[in-house]
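Chains, contacts and geometry: an overview
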Amino acid sequence: MAKYDLTQTIATYLDRHLVFPLIEFLKENRALKSSSSLNKIYGEKELLSAQLDLLSNTNMVDFAMDIHRKLHETEPPATFATKRAAVLARLKELNALCAPLVRLLQDQTKVAELKEEKNYNIEFIQENLGVPAGCLDHLYESAKFQFECGNYSGAADFLYHFRTLSNDAEKKFNALWGKFAAEILMLKWTTAIEDLKALKEAIEAKLQQRTWLLHWSLFVFFNHPNGRNGIVDMFLQDKYLNTIQTTCPHILRYLTTAVITNKRRRNQLNDLVRVLQQESHSYSDPITEFLEDLYANFDFDAAQKKLRECENVLMNDFFLVSCRNEFMENARLLIFETYCRIHQTIDISTLAQKLDMDQDAAERWIVNLIRNAHLDAKIDSAANHVIMGTQNPSIYQQVIDKTKSLSFRTHVLANNLDKYVQSEGDDKAQA
Ligand SMILES: *[C@@H]1O[C@H](CO)[C@@H](O)[C@H](O)[C@H]1NC(C)=O
């Protein structure tokens, strides 16, 4: 599994604070699966030491001291206490420096009045309201410092105000990145998606910035309820697709997962498969290979094997762990649909194998599917077959060679299915 772990690759494109949730996830994963050595990608000490390393460049000294105790099982050296005192002193100093402006910003009546009179700008505020010059820059600095302390709400608040008042385009742009990170770290997905939109507009032609945005947006897209649409829409835009292909093909894992788990974006499958094929020399993992096996090679056996590996990859991926079940369900559906498109008659037990499900589960699943998904298919319970209503001869021709070795077996299930269909009939008769 270590081979498919993207934590370190992704971390290079994140703010260091955004890396903490990823490491926490790996730590929890270790703890959860203490019985299975398969999923222990990193050692516990290794993770603690990575955390300590990340913390060394932040102001989160108490957190760093905690980790230090866990890692070395001794009291941390005096340098930590010295740094802690320095951080507190600087915090106090910065607070004092931007206090006049903060006091004004907290006075909502006054702010509303200023806006009403079109006087809400830093020049007017400095000239008429006793706010010293340089105060706005101190607000920005203070926000950055609070962020480094792990006070993300304070930072987001200050950065928001800074952006409403500043005339410095570059600083405003940086403030937006900072605010976006802070919103992500507070799990405020609604605000985060607004910041994401603003950043998208602000970036325009900057390749490097787009690469970062692709990575940061993973937090939003795999948490916001509408994220699975958003990621497909954004990542498949030419600009972003080019960026993925040029600088970070590993992002294809996330795009592929989003397309597979999102029925509303299925029409993008063929485009995506084309990209996966083009990029397979520079990036592939079980998730991208699954789709290639199924859609480009029509190799059901390979796809089914990959599906098992996919489950492990998903379980160990911070962003994808929560859509594991959904992925498996939809991946099976894809196998089923593809299989049905190229076979007139399908033996249910063979299909159960292809879906990597046990027979009973597969049987129930298929019956439900035919009933709920308006699939043009009938079940011949005596023969234990699914019989498809329509055919697509060209696809059939394409793949006939690759699939003719599949054996069709009929047994056991026939009886079970008979019973099932019988009871369905009884239900209907009673209704
Ligand atoms: C976070 O920052 C804000 C703004 O500076 C401040 O008012 C608040 O007290 C800080 N919170 C903590 C827990 O330090």
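Parameters and conventions
- Residues numbered from 1 in each chain as written.
- Predicted model: local features only at pLDDT ≥ 70, side-chain atom pairs only at ≥ 80, totals over all residues.
- Heavy atoms only, no water.
- pLDDT = per-residue confidence, 0-100.
- Contact = heavy atoms within 4.5 Å.
- Salt bridge = Lys/Arg side-chain N within 4 Å of Asp/Glu carboxyl O.
- Helix = DSSP H or I, 4+ residues; strand = E, 2+ residues; numbered from the N terminus.
- Axes fitted to C-alpha atoms, helices over the stretch in contact; angles between N-to-C directions.
- Parallel < 35°, antiparallel > 145°, perpendicular 65-115°, else oblique.
- Left-handed = near helix turned anticlockwise from the far one by under 90°.
- Pairing = 2+ DSSP bridges.
- Phe/Tyr/Trp six-rings, centres within 6.5 Å; stacked < 30°, edge-to-face > 60°.
- Buried < 20%, exposed > 50% of the residue type's maximum accessible area, 1.4 Å probe, protein only.
- Lys NZ or Arg CZ within 6 Å of the ring centre and 35° of its normal.
- Expected span 1.5 Å × (residues − 1).
- Polar contact = N/O pair within 3.5 Å; in protein donor to acceptor, adjacent residues only side chain to side chain.

As a further point, take the confidence of the model for the protein. Per-residue confidence for the protein averages 84 on the pLDDT scale, and 87% of its residues sit at or above 70. Contacts of residues 391-431 to residues separated by more than four positions or lying in other chains number 63 contacts, the stretch itself having pLDDT below 50.

Tallied over the full model, the rule gives 19 salt bridges. Across the pair Arg84 and Asp62 runs a salt bridge, and its minimum N-O distance is 2.5 Å. You can see Arg84 sitting in helix H5 (residues 78-106) and its partner Asp62 sitting in helix H4 (residues 61-72), a full 22 residues away along the chain. The structure contains a network of salt bridges with shared partners spanning Asp66, Arg69 and Glu75.

Where helix H13 (residues 227-235) contacts helix H15 (residues 252-261), the two axes come as close as 9 Å, and the packing angle between them is 125°. The angle between H13 and H15 places the two elements in the oblique class. In this structure, H13 crosses over H15, and the sense of that crossing is left-handed. Across the interface between the two elements, Arg228, Ile231, Val232 and Phe235 from H13 touch Tyr254, Leu255, Ala258, Val259 and Thr261 from H15.

Okay, the environment of Leu114 next. Mapped onto the fold, Leu114 is located in helix H6 (residues 108-116). Each C-alpha atom of the pair Leu114 and Ile125 lies 8.9 Å from the other, and the pair is eleven residues apart in sequence. Residues contacting Leu114, with those up to four places away along its chain left out, are Leu104, Asn119, Tyr120, Phe124, Ile125 and Leu129.

Sheet topology places strand E2 (residues 377-380) next to strand E3 (residues 385-388); four bridges connect them, and they run antiparallel. Among the inter-strand pairings, Asp380 is bridged to a residue of E3, identified as His385. Linking two consecutive strands that pair antiparallel, namely E2 and E3, is a turn of four residues; a positive phi of about 60° is found at Asn384 within it.

Any pair of aromatic rings gets described here by the distance separating the centres and the angle formed by the planes. A full pass over the atoms with the stated rule returns 15 aromatic pairs. Judged by centre distance (4.8 Å) and plane angle (75°), the ring pair of Trp177 and Trp216 falls under edge-to-face. Of this pair, Trp177 sits in helix H10 (residues 169-185) while Trp216 sits in helix H12 (residues 207-221), and the two are 39 residues apart along the sequence. Taking relative accessible area as the criterion, Trp177 reaches 8% and is therefore assigned buried. Of the residues examined, Trp216 reaches a relative accessible area of 4% and is grouped as buried. In textbook terms, an aromatic cluster arises when at least three aromatic residues are bridged by ring pairs, as seen for Phe25, Phe219, Phe222, Tyr254, Phe318 and Phe319. The lysine or arginine in question, Lys115, covers the ring of Tyr120, its NZ or CZ lying 4.8 Å from the ring centre. For the cation-ring pair, Arg210 lies above Tyr240, with the distance from its terminal atom to the ring centre recorded as 5.7 Å.

Here we take up the pairing of E3. As judged from the three bridges shared by strand E1 (residues 345-347) and E3, these two strands associate in the antiparallel manner. Paired with Asp347 across the strands is His385, a residue of E3.

Turning to its location among the elements, Asp317 is positioned in the loop between helix H18 (300-315) and helix H19 (324-342). The buried category is assigned to Asp317, whose relative accessible area is 4%.

Turning our attention to helix H2 (residues 16-32). In this model H2 runs 25 Å from its N-terminal to its C-terminal C-alpha over 17 residues, within 8% of the 24 Å that 1.5 Å per residue would give. Those residues of H2 not exposed but buried are His17, Leu18, Val19, Phe20, Leu22, Ile23, Phe25, Leu26, Lys27, Asn29 and Arg30. Between the side-chain oxygen of the N-cap and the backbone nitrogen of His17 there are 2.8 Å, and the N-cap of H2 in question is Asp15.

Moving on, we get to the sheet that holds E3. Across the sheet, three strands lie side by side as E1-E3-E2; this open sheet has antiparallel pairing. Whereas interior strands pair on both sides, the edge strands pair on one side only; in this sheet they are E1 and E2. Within this sheet the neighbouring strands show an average axis-to-axis angle of 25°, counted without direction.

Notably, Glu73 is not glycine yet its phi reads approximately 50°, a positive angle. Relative to the helices and strands, Glu73 resides in the loop between H4 and H5. Even without being glycine, Lys118 reaches a positive phi, approximately 55°. Along the chain, the position of Lys118 falls in the loop between H6 and helix H7 (122-128).

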